[in-house]
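Okay, here's what each chain looks like letter by letter:
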Amino acid sequence: MKFAYRFSNLLGAVYRQGNLSFSKDGNAVISPVGNRVSVFDLKNNTSETFPISTTKNITCVGVSPDGSLAIVVDEDGAALLVSLITRAVLHHFHFHKPVSSIRFSPDGRKFVVTKQNVALMYHAPGKQREFNAFVLDKSYYGPYDETTCIDWTDDSKCFVVGSKDMSTWVFGAERWANLIYYSLGGHKDIIVGCFFEKDSLDLYTVSQDGALCVWESDTELDGLVLKKSLDKPEPVRQEGGEEEEDEDRAEGEEVEVIRGKAELPKDKNKVKNVRYKHRSKHFFNKEAEFNNLTTAAYHKPTHILVTGFASGMFHLHELPEFNLIHSLSISDQRIASVAINSSGDWIAFGCSRMGQLLVWEWQSESYVFKQQGHFNNMASLAYSPDGQYVVTGGDDGKVKVWNTNSGLCFVTFIEHTSSVTNVTFTSSGFVIVSASLDGTVRAFDLHRYRNFRTFTSPRPAQFCSLAVDVSGELVSAGAQDSFEIFLWSMQTGRLLEVLGGHEGPVSSLCFSPVQSILASASWDRTIRLWDMLDSWQVKETLPLTSDGLCVTYRPDGQELAVATLNGEISFWNPQTATQTGSIAGRHDLEVGRKETDKITAKQSAKGKSFTSICYSADGESILAGGHSKFVCIYNVKEQMLVKKFEISCNLSFDAMEEFLDRRKMTEFGSLALVDDGAGDGDGVDISLPGVRRGDMSSRHFKPEIRVSSLRFSPTGRSWAATTTEGLLVYSLDGSLVFDPYDLDLDVTPASIRKQLRLQEWASAIVLAFRLNENALKQEVLEKVPHEQISVVCGSLPDVYVEKLLGFVATCLEKSSHLQFYMTWAQNLLMLHGQRLKNRSASILPTLQSLQKSIQRHFDNLSKLCDFNMYNIRYAAALSKQKGIKRPAEEEEEEHDEGMSEEMSEASIEESEMIL
């Protein structure tokens, strides 16, 4: 069970590319992040990343009208049918070409996919289980260039497709006698958006040059006449598209192909054909030369059109009069996607270059949601002592603090002017220290959210490593250019000492958890142990077989682990300065081959070493990662590999494949060496330094997959890794593993329930923990009467007290029986506090997990209690004004709320006392 970790959440990135979507109720935003999909709950202020991934970056997401299904398509056209309820993949499909947009019909029976110059209409997956979930119904040809956007009428009878050839095509979803297809012009640039009016065939089309055309139809939706089956003409087959159609339909399936022609076919029944009239044309104000219109969305019930521009500005207009309601600049980068929720109150904006996701309430002119990830690589991370927060530092010079419960960033510090190389928390958990290449080490206060200390060196230095001692008084940083270690006082901010002696860059620093000893790793193939109490002298020098890259202490301070350049992890006893073991992980890392490499990954010596290592909370295993897509967990005692985690399968990153792809090789070399400029769209945009707008020399590159930092949570139930993809969090999944303790033939669910019927509570708890099934343990615990909890806690054997305390801490996170489980925790800590304190080192992760759960409930409950008390005082004040006496029920409610808040404070004090 110890290594049953699974992907839990993706932090550090909120949006990359593709279209944003709202959930059916309009309270959640569905955002594509690389090759994953994240959902941001705007009501509860939480985020969740689905445990699914595509092989390339996602370009478009289509959500069904009932909100139960989503179709996710990546850059190559590979599609996943995903259940938004179970978060599971239901079907795989491949469109064989890049897909530009996808849209479900309002009735949920069909969906249209546009790829190249064709629109494909499929039957939507139904409620029953089909063998083939994607059944092609019709193929629509008409545009001469790539299609860009889709919209449906409210009754799902027709849909409209916009194209890069500046034309807009209206198609009938059925074989209407008076509307098979209709082509509209009137624009001088690429069509960005096309929208039907509510319950009408009237159209709005928006182009990239900032022009809006209003089209009026002479026929209502009820005026569409369905062709009879006898009059239905033979399907028209496209000569040039025969091979492409075969790829999109199942074998033996008849697919109708509708192709736009120069003139409409003559109808035998002489039904009046649908005609469009160009009613008006409007233009958006272009403030700059490069201010192109990039995206648009239309809310039919309120007639609100939202348009986003390349300058980061957006406009709100009321149609069809084109009245400007609102105009605001939300970024200095291009707005890539816009979406409006079902009520029309909230508008979501995505900026791909900055990694921003914003939700704006236009009526109150305020932000509902505002998140931005690191728009460059993340370099390091650190958990807070209680495991509730994670701090990350990136190459963009920002320090961000994330809440592990909500998955959202709540504060960003931007004081650094260059890349942040290392971050850490102090033991109090309220101070963050960061080191940067700008030559400063800064300390940030999480109470007032400010930079209260800035540490500098006498000569300019680039700091690449950082450590803070257990007391939080000493701050040390290692320089990569002067080979020195600098020591500062947190209280005064003064430089205490400069430690010299290393003959190479100081790559890593770590303080002992139990002593005032600093360990430093360097490229000079040594580990030096510095005594902070004895005039900062070198206590020991440990020789290494290769350059030292990372050093870390075991949580109890009795062992030291060092990762070196030759791919080894060596273990040392810091008291005797002797090596106790080593792990050769050179071949476990499996470094991938870059596209431009001319040798195989096996022959490449570059990157075959661990750059980040971290002990687990109990010190029994060690986590290691480097310039690879794999993270390895080793057992320290056995010195063997236990499990490998593949952190990403995204082929949009470089160095993902082990072997050379022969399809990308030509007689002149690899196709990866051909620079297609900014038009290929395969990769990440980078611009010249200092250029904010209109960078005509923008180009693309493929980021290389790597793991820059790893950390175990102090609670021991999760670990996190900063990667090219973002901050990945893996949590312990106990539901999939059966791990009994002291199992016997008599230990069965039937015997446990028999003890419950006999009211032998302590015996039932012991048997349940021996069987170790979570559902059964919870059932037994919740059947114990409230007044018997203290008696049961006192009669439990010592070996089960720690297990029960860990289970209570787990249940507190999710259970609604708050007072019940807090009573269990309080009695266990009060009755067994001294014995638990004697083993505090081994049960530290359990206590920290308990403290984290209680603190979260305390924060939520205190807000609710304060809100209720203010309401009661307000009601009491109103009643006094009116001469009405205050009811006794309100006094009792206030008393109950005060009691529950006091119990929360008491439980927190108990756990802190043991800690």
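Since this is a predicted model, take the numbers as computed values, not measurements.

The secondary structure content of the protein chain amounts to 10 helices and 61 strands. Per-residue burial for the protein chain yields a buried fraction of 54% across its 915 residues. Considering only residue pairs separated by 6 or more positions, the protein chain has 50% of its internal contacts joining residues 24 or more positions apart. Here the protein chain displays about 41,400 Å² of accessible surface, and carbon together with sulfur accounts for 49% of that area.

Before going further, it helps to spend a moment on the packing of helix α3 (residues 761–771) against helix α4 (residues 774–783). In the contact formed by α3 and α4, the axes pass within 9 Å of each other and the chain directions differ by 165°. Comparing the axis directions of α3 and α4 gives the class roughly antiparallel. As for how α3 packs across α4, the hand of that crossing is left-handed. Seen from α3, the contacting residues are Trp761, Ala764, Ile765, Ala768, Phe769 and Leu771; seen from α4, they are Leu776, Lys777, Val780, Leu781 and Lys783. Across the contact of α3 with α4, the residue classes tally to 9 nonpolar, no polar and 2 charged.

Another aspect to go through is the nonpolar core. Counting 43 residues, the largest nonpolar core has Ile765, Leu781, Leu804, Trp824 and Leu850 as the members making the most contacts within it. Within the residue set of this core, elements represented by two or more residues are α2 (749–757), α3, α4, α5 (789–795), α6 (798–814), α7 (818–831) and α9 (840–882). Element by element, the count of residues in this core is highest for α6, at 9 residues. When residues no more than four places from it in sequence are discounted, the contact partners of Leu850 are Leu805, Ala809, Leu812, Ala825 and Leu829. In this structure, Val33, Val631, Leu710 and Leu732 belong to the second largest nonpolar core, which totals 23 residues.

A separate point is the UniProt feature "repeat: WD" (unreviewed entry) in the protein chain. UniProt tags residues 184–216, 371–412, 413–454 and 499–532 as "repeat: WD" (unreviewed entry). Helix makes up 0% of residues 184–216 and strand 55%, with an end-to-end C-alpha separation of 11 Å. With 0% helix and 56% strand, residues 499–532 has end C-alpha atoms that lie 11 Å from one another.

So, about α3. α3 sits mainly inside the fold: 9 of its 11 residues count as buried. Within α3, the full set of buried residues consists of Trp761, Ala764, Ile765, Val766, Leu767, Ala768, Phe769, Arg770 and Leu771. Just downstream of α3 lies Asn772, where phi reads positive at about 60°.

Running from amino to carboxyl end, α4 crosses α7 at an angle of 90°, the nearest separation of the two axes being 11 Å. Between α4 and α7, the interaxial angle falls into the category roughly perpendicular. Where α4 approaches α7, its residues Gln778, Leu781 and Glu782 are matched on the opposing element by Phe820, Tyr821 and Trp824. Residues belonging to the contact of α4 with α7 are distributed by class as follows: 4 nonpolar, 1 polar and 1 charged.

A few words on the packing of aromatic side chains. In this description, an aromatic ring pair is defined by two values, namely the gap between the centres and the angle between the planes. The tally for this structure, following the rule as stated, stands at 38 aromatic pairs. Measuring from centroid to centroid gives 5.5 Å for Phe645 and Tyr730, while their planes differ by 55°, and the two rings are tilted. Remark: Tyr730 occurs in strand β61 (residues 727–732) and Phe645 occurs in strand β54 (residues 640–646); sequence separation between them is 85 residues. Following the ring pairs from residue to residue traces out a cluster consisting of Phe93, Phe95, Phe104, Phe111, Tyr122 and Phe134.

Relative to the helices and strands, Asp74 resides in strand β7 (residues 69–74). One buried charge, Asp74, has no salt-bridge partner; the nearest side chain with opposite charge is Lys56, at 7.2 Å. Side-chain polar atoms of Asp74 contact the side chain of Thr55, separated by 3.3 Å. At 3.1 Å, the side chain of Asp74 and the backbone nitrogen of Asp76 are in polar contact. Not counting residues within four places of it along the chain, the set of residues in contact with Asp74 comprises Thr54, Thr55, Lys56, Asn57, Ile58 and Thr59.

In this structure, Val14 sits in the loop between β1 (5–11) and β2 (21–22). With a relative accessible area of 3%, Val14 lands in the buried category. As for Val14 and Leu408, which are separated by 394 residues in sequence, their C-alpha atoms are 9.1 Å apart. Those residues in contact with Val14 that lie beyond four places of it in its chain are Ser31, Val33, Phe40, Gly355, Gln356, Leu357, Gln371, Gln372 and Gly373.

Rules used throughout
Residues numbered from 1 in each chain as written. Predicted model: local features only at pLDDT ≥ 70, side-chain atom pairs only at ≥ 80, totals over all residues. Heavy atoms only, no water. Helix = DSSP H or I, 4+ residues; strand = E, 2+ residues; numbered from the N terminus. Buried < 20%, exposed > 50% of the residue type's maximum accessible area, 1.4 Å probe, protein only. Contact = heavy atoms within 4.5 Å. Areas by Shrake-Rupley, 256 points an atom, 1.4 Å probe, with all protein chains shown as cover. Axes fitted to C-alpha atoms, helices over the stretch in contact; angles between N-to-C directions. Parallel < 35°, antiparallel > 145°, perpendicular 65-115°, else oblique. Left-handed = near helix turned anticlockwise from the far one by under 90°. Nonpolar A, V, L, I, M, F, W, Y, C, P; charged D, E, K, R; others polar. Core = buried A, V, L, I, M, F, W, Y, C linked by side-chain atoms within 4.5 Å. UniProt positions renumbered as here; feature names shortened; annotations may be inferred. Phe/Tyr/Trp six-rings, centres within 6.5 Å; stacked < 30°, edge-to-face > 60°. Lys, Arg positive; Asp, Glu negative; His and termini not counted. Salt bridge = Lys/Arg side-chain N within 4 Å of Asp/Glu carboxyl O. Polar contact = N/O pair within 3.5 Å; in protein donor to acceptor, adjacent residues only side chain to side chain.

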